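# Overview (structure and organization)
Next come the chains, spelled out residue by residue.
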Amino acid sequence: MQNAYLSAALERIASTRPLIHHMTNLVVASVTANLTLAMGGLPIMASAKEEVEEIVSKSSVLLLNIGTPTSEQLEAMERAGSMAKELKIPIVFDPVGAGASRFRTKAAIDLIRELQPSVVRSNLAEALSLIQEDARILGVESLEDDEETAKRAARGLAARFGCVAAITGKVDIVSDGENVGRITGGNPLLKSITGSGCMATTAVACFLAKDTPIKAAVLGLSLIKTASELALEVKGPGSFQVSLLDAVYRLREGL
Amino acid sequence: MQNAYLSAALERIASTRPLIHHMTNLVVASVTANLTLAMGGLPIMASAKEEVEEIVSKSSVLLLNIGTPTSEQLEAMERAGSMAKELKIPIVFDPVGAGASRFRTKAAIDLIRELQPSVVRSNLAEALSLIQEDARILGVESLEDDEETAKRAARGLAARFGCVAAITGKVDIVSDGENVGRITGGNPLLKSITGSGCMATTAVACFLAKDTPIKAAVLGLSLIKTASELALEVKGPGSFQVSLLDAVYRLREGL
Amino acid sequence: MQNAYLSAALERIASTRPLIHHMTNLVVASVTANLTLAMGGLPIMASAKEEVEEIVSKSSVLLLNIGTPTSEQLEAMERAGSMAKELKIPIVFDPVGAGASRFRTKAAIDLIRELQPSVVRSNLAEALSLIQEDARILGVESLEDDEETAKRAARGLAARFGCVAAITGKVDIVSDGENVGRITGGNPLLKSITGSGCMATTAVACFLAKDTPIKAAVLGLSLIKTASELALEVKGPGSFQVSLLDAVYRLREGL
């Protein structure tokens, strides 16, 4: 995707500063809040059951990420998601670690069934576990990264749950259940930092404030791949993470 | 404020290494712990109700930040704050997101009423919501930033609750309910990173270990503004956050 | 320790990508996940009691860190640790803040007694509190750093609990209860960033996937000291933290 196209899409976000309600894991809360700001959105991280319905009702998009789930948080997600569904506020779902434990796999499938997110963003192993195929998953990292399998999984996931499926990997795959698109490129260091997948989910969420699910998915995944290529003075995963955020900001500024 | 003056105030902190008990949100726990260390203080992040009273009793300052509140954490804050009040250990309060939900607004007002913090550090929308004026708040970001309104809000907040009010924005405002001071300058990127307000609160808390509330508020807000101007090699919000911490450390070292 | 030796040990990790199950505090969850990836391991941060037994059973090592403890998390740690013990999966324990509150000291001693970790990694004040000697601890930072005391504490801790004791400080000390080794060097800025001790614990955990407890402890502590010396373009604690992660990655790549 051309940088100017991404810049224009980011400008559409920054011009209205949509509120992106994150219910996410404690590992990536900081970096995804910063990414939201870099993209021109406004993040709010709120998971208390007493307030999530009110907060989501003021939000443009709800992002649900089960990276460090607890029963209480899942219950609050269900509550926030139901309100979002009622108000037709789009939901992006990130099934972090689906397949790593039965608890997570079931929680992910239950939430997707009930809340009908517009987009599910995952890695390949998580996607396979959601359509109940065996996957070699270890922790929250996918050990699989085969493009043909990813295309099949994306189409299957999208068709089964009526969502757009966005699967990140060496090549990113997006599908609405029929069509399948691929996004290439990206810095290999994306695999060496925690939360690069979660950042892609946040990017999709921000674009979803202004664009259709399929377009938001393509834009979000393209933004992370493109920014990862524009990252400057990278000497390892520490400096890469810093430069990735800078690059998103510079893309938005059209620099 | 002159850099040498800030350096001297930081040196007073570093010479005694005060313990700053943070009960804070999960987004900024890491960066505020690092800021406390950079300023020469010692951070402890502890929110379990079983230990907060003992820990606050050994601390120089208690910082309460409701950025990602839960009922349990609010209860533990009430417990820690009551002990601090009894022992005359000063409290800094950060009403993150007051106005974003009734739950937060009420929690913030209740805690301030009961615990009588020495300083309340907030943005303008949060301050307005605490004095029950309408504010355009979206998430945890203030959409208002008018200096005259901020002066009125700071004076009103300080007078109503008997605290020092410190409102950060394009121009920072500090008031004890009668007098009003303003702090100018600062890098505009402060608005593009999450937790810059929470960092200001931590800065105030560290200075409060050695200085009066009004002086600590002015020093804390000045430190963040000054360090943001001294940040080197900034290419966006990622590198800005890194350089901001470096700049605080260099100020303390008198470099 | 020679860099080539560390590189070879890191290569052993990266060749099998062991899963390192972290149950840790919210301040360091992000940086320790990133360190695990930089070392070639796979991190999973999971603390829900519903899933910890299943996740630990798939893991190579379990890391328990009580930096921001709650009753629920401690209960989940007990559950995960019991499963690890039964399956002979090695445990690394980090008693963050032992001595800072009776709650933490008791929790740490109880968990060590029950779960018999292979390695306990701590600072000196924490180690002293675990063998019930008076220690000058303030928050989670040790105010003590005397090499002879550290040697005595390491030997005592290891002998009492039948583990390897790894005490970080100006000079790091490792003991199996009889022998005592020392690791020198390191960048003094390690004391100015939060989580440098927790990073050492994660480093030990990663090496423990492939090496004996005593060797893993020496390798883990050496890695952090060595990487801290290799960190480039350090202008303060912010850039140091970034460069430290880069340096670990470069060591692994043999650069």
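Residues numbered from 1 in each chain as written. Chains lettered and ligands numbered in written order. Predicted model: local features only at pLDDT ≥ 70, side-chain atom pairs only at ≥ 80, totals over all residues.

## Quick look at the overall build of chain A
Across its full length, chain A carries ten helices and ten strands. Here the C-alpha atoms of chain A give a radius of gyration of 16 Å, agreeing with the 18 Å that 2.2 N^0.38 yields for 255 residues. Principal axes of the C-alpha set define a box for chain A whose edges measure 40 × 40 × 35 Å. Burial analysis of chain A (255 residues in total) assigns 67% to the buried set. Long-range contacts, defined as pairs at least 24 residues apart, comprise 71% of the intrachain contacts of chain A with a sequence gap of at least 6. (Helix = DSSP H or I, 4+ residues; strand = E, 2+ residues; numbered from the N terminus. Rg over C-alpha atoms; globule rule 2.2 N^0.38 Å. Buried ≥ 20, exposed ≤ 12 C-beta atoms within 10 Å, placed from the backbone. Contact = placed C-beta atoms within 7 Å.)

## Considering the packing of helix α10 (residues 237-252) of chain B against helix α10 (residues 237-252) of chain C
Two numbers describe how α10 of chain B lies on α10 of chain C: the axes approach to 6 Å, and their chain directions differ by 130 degrees. Here α10 of chain C runs oblique to α10 of chain B, going by the angle between their axes. Of the residues in α10 of chain C, those touching α10 of chain B at Val242, Ser243, Leu244, Leu245, Asp246 and Tyr249 of chain B are Pro237, Gly238, Ser239 and Val242 of chain C. Its residues placed into classes, the contact of α10 of chain B with α10 of chain C shows six nonpolar, three polar and one charged. (Axes fitted to C-alpha atoms, helices over the stretch in contact; angles between N-to-C directions. Parallel < 35°, antiparallel > 145°, perpendicular 65-115°, else oblique. Nonpolar A, V, L, I, M, F, W, Y, C, P; charged D, E, K, R; others polar.)

## Topic: the interface of chain A and chain B
Interface extent is often summarised as the accessible area lost during association of the parts. If you look at the interface, chain A gives 28 residues, while chain B gives 26 residues. In terms of residues, the side of chain A that touches chain B owes the most to one element, helix α10 (residues 237-252) of chain A, which gives seven residues.

## Quick look at helix α7 (residues 147-161) of chain C
Residue and element names in this part refer to chain C. Across its 15 residues, α7 extends 21 Å between first and last C-alpha, which sits within 8% of the 21 Å expected from 1.5 Å per residue. Considering only its buried residues, α7 is in contact with β5 (119-122), α6 (124-130), β8 (164-167), β9 (172-175) and β10 (180-183). After α7 finishes, the residue glycine 162 shows a positive phi value of roughly 65 degrees. (Expected span 1.5 Å × (residues − 1).)

## A word on the sheet that holds strand β3 (residues 61-65) of chain A
Residues and elements named next belong to chain A. Taking strand neighbours across the sheet as the criterion, the eight strands line up as β2-β1-β3-β4-β5-β8-β9-β10 in an open arrangement whose pairing is mixed. Of all strands in the sheet, those bounded by a partner on one side alone are β2 (42-45) and β10 (180-183). Each neighbouring strand pair of the sheet contributes to a mean axis angle of 20 degrees, computed without reference to strand direction. Direction of pairing for strand β5 (residues 119-123) relative to strand β8 (residues 164-168): parallel, over a ladder of five bridges. Paired with asparagine 123 across the two strands is threonine 168, which belongs to β8. (Pairing = 2+ DSSP bridges.)

## Notes on the relation of the copies chain A and chain C
The pair of chain copies shares a relation made of a rotation about an axis and a shift along it. With an RMSD of 0.0 Å, the operation that places chain A on chain C is a rotation of 120 degrees combined with a shift of 0.0 Å along the axis. Between the two chains, the operation in question is that of a three-fold axis. In terms of C-alpha distance to the rotation axis, chain A has leucine 26 of chain A as its closest residue, with the C-alpha 3.7 Å off the axis. Little of the interface of chain A is mirrored in chain C: 12% of its interface residues are interface residues there too. (Least-squares fit on C-alpha atoms with pLDDT ≥ 70 in both.)

## Points about the interface of chain A and chain C
Contacts between the two partners involve 26 residues from chain A, matched on the other side by 28 residues from chain C. Secondary structure elements with two or more residues in the side of chain A that touches chain C: α5 (102-115) and α10 of chain A. Of the residues forming the side of chain A that touches chain C, the biggest block, four residues, is contributed by α10 of chain A. Its residues assigned to classes, the side of chain A that touches chain C shows ten nonpolar, twelve polar and four charged.

## Topic: the relation of the copies chain A and chain B
Expressed as a screw transformation, the operator carrying chain A onto chain B has a rotation angle of 120 degrees and an axial translation of 0.0 Å, and the superposed copies differ by an RMSD of 0.0 Å. Little of the interface of chain A is mirrored in chain B: 11% of its interface residues are interface residues there too.

## Some details on the pairing of β5 of chain A
Residues and elements named next belong to chain A. Within β5, five of the five residues are buried, which leaves it mostly tucked inside the rest of the structure. By the alternation rule, side chains of β5 split into Val119, Arg121 and Asn123 and Val120 and Ser122, which are all buried. Relative to β5, strand β4 (residues 91-94) runs parallel, the two being bridged by two bridges. Across the sheet, residue phenylalanine 93 finds its bridge partner in β5, namely valine 120. A crossover connection joins β4 to the parallel β5 through α5; in handedness this β-α-β unit is right-handed. (Right-handed = clockwise from strand over helix to strand, strands pointing away.)

## As for the sheet that holds β9 of chain C
All names here are of chain C. An order of β2-β1-β3-β4-β5-β8-β9-β10 is seen for the eight strands of this open sheet, with the pairing classed as mixed. Single-partner strands in this sheet number two, and they are β2 (42-45) and β10. Pairs of neighbouring strands in the sheet enclose a mean axial angle of 20 degrees, with direction left out of account. Docked against the sheet, helix α8 (residues 196-208) engages β1 (19-23), β3 (61-65), β4 (91-94), β5 and β8, running at close to 165 degrees with respect to β3. Relative to β9, helix α9 (residues 213-230) is tilted by about 175 degrees, and along the sheet it contacts β5, β8, β9 and β10.

## Details of the packing of α8 of chain C against α9 of chain C
All names here are of chain C. Packing of α8 against α9 brings their axes to within 8 Å, and their N-to-C directions diverge by 135 degrees. Viewed along their axes, α8 and α9 adopt a mutual orientation that is oblique. Crossing geometry of α8 relative to α9 is assigned as right-handed. For the pair α8 and α9, contact is made by Ser196, Met199, Ala200, Ala203, Val204, Phe207 and Leu208 and by Pro213, Ala216, Ala217, Leu219, Gly220, Leu221, Leu223 and Ile224, respectively. (Left-handed = near helix turned anticlockwise from the far one by under 90°.)

## What to know about the confidence of the model for chain A
Put simply, chain A has an average pLDDT of 95, and 96% of its residues get 70 or more. We note a pTM of 0.96 for the whole complex and an ipTM of 0.95 for its interfaces. (pLDDT = per-residue confidence, 0-100.)

## Let's talk about the nonpolar core
When a protein is soluble and globular, its nonpolar side chains tend to lie buried together. The biggest cluster of nonpolar side chains holds 294 residues, and the ones touching the most others in it are Val204 and Val248 of chain A, Val204 and Val248 of chain B together with Val204 and Val248 of chain C. For valine 204 of chain C, the residues in contact, after removing those within four places along its chain, are Val92, Val119, Arg121, Ala166, Ala216, Ala217 and Gly220 of chain C. (Core = buried A, V, L, I, M, F, W, Y, C linked by C-beta atoms within 7 Å.)

## Describing the environment of glycine 162 of chain A
Structurally, the position occupied by glycine 162 of chain A is in the loop between α7 (147-161) and β8. With 135 residues separating them along the chain, glycine 162 of chain A and valine 27 of chain A place their C-alpha atoms 29 Å apart.

## Let's talk about the pairing of β2 of chain A
Residues and elements named next belong to chain A. Taking every second residue as pointing to the same face, both faces of β2 are buried, with Leu42 and Ile44 on one and Pro43 and Met45 on the other. The pairing of strand β1 (residues 19-23) with β2 spans four bridges and is classified as parallel. The residue of β2 that forms the bridge with histidine 22 is methionine 45. As a crossover connection, the stretch from β1 through helix α2 (residues 29-38) into β2 is right-handed.

## Quick word on the environment of isoleucine 224 of chain B
All names here are of chain B. Tracing the backbone shows isoleucine 224 in helix α9 (residues 213-230). As a C-alpha pair, isoleucine 224 and methionine 45 span 179 residues in sequence and 21 Å in three-dimensional space. In this structure isoleucine 224 touches Ser196, Met199, Ala200 and Ala203, once residues within four positions along its chain are discounted.

## Points about the environment of valine 28 of chain A
Residue and element names in this part refer to chain A. With respect to the helices and strands, the residue valine 28 is situated in the loop between β1 and α2. The sequence separation of valine 28 and aspartate 176 amounts to 148 residues, and the corresponding C-alpha distance is 27 Å. Each residue touching valine 28, except ones within four places of it in the same chain, is listed here: Gly67, Gly195 and Cys198.

## Comments concerning unusual backbone geometry
Despite not being glycine, glutamate 233 of chain A has its phi angle at roughly 50 degrees, a positive value. Relative to the elements of secondary structure, glutamate 233 of chain A occurs in the loop between α9 (213-230) and α10. Despite not being glycine, glutamine 116 of chain B shows a phi value in the positive range, around 45 degrees. Checked against the element boundaries, glutamine 116 of chain B lands in the loop between α5 (102-115) and β5 (119-122).

## Remarks on helix α1 (residues 3-16) of chain A
Residues and elements named next belong to chain A. Between its first and last C-alpha, α1 extends 21 Å over 14 residues, near the 20 Å set by a 1.5 Å rise per residue. Listed in full, the buried residues belonging to α1 are Leu6, Ala9, Leu10 and Ile13. Take α1 and look down its axis: the buried residues cluster within an arc of 100 degrees, on one side only. Exposed positions of α1 whose direction lies more than 90 degrees from the buried face are Ala4, Ala8 and Ser15. (Arc of directions from axis to C-beta.)

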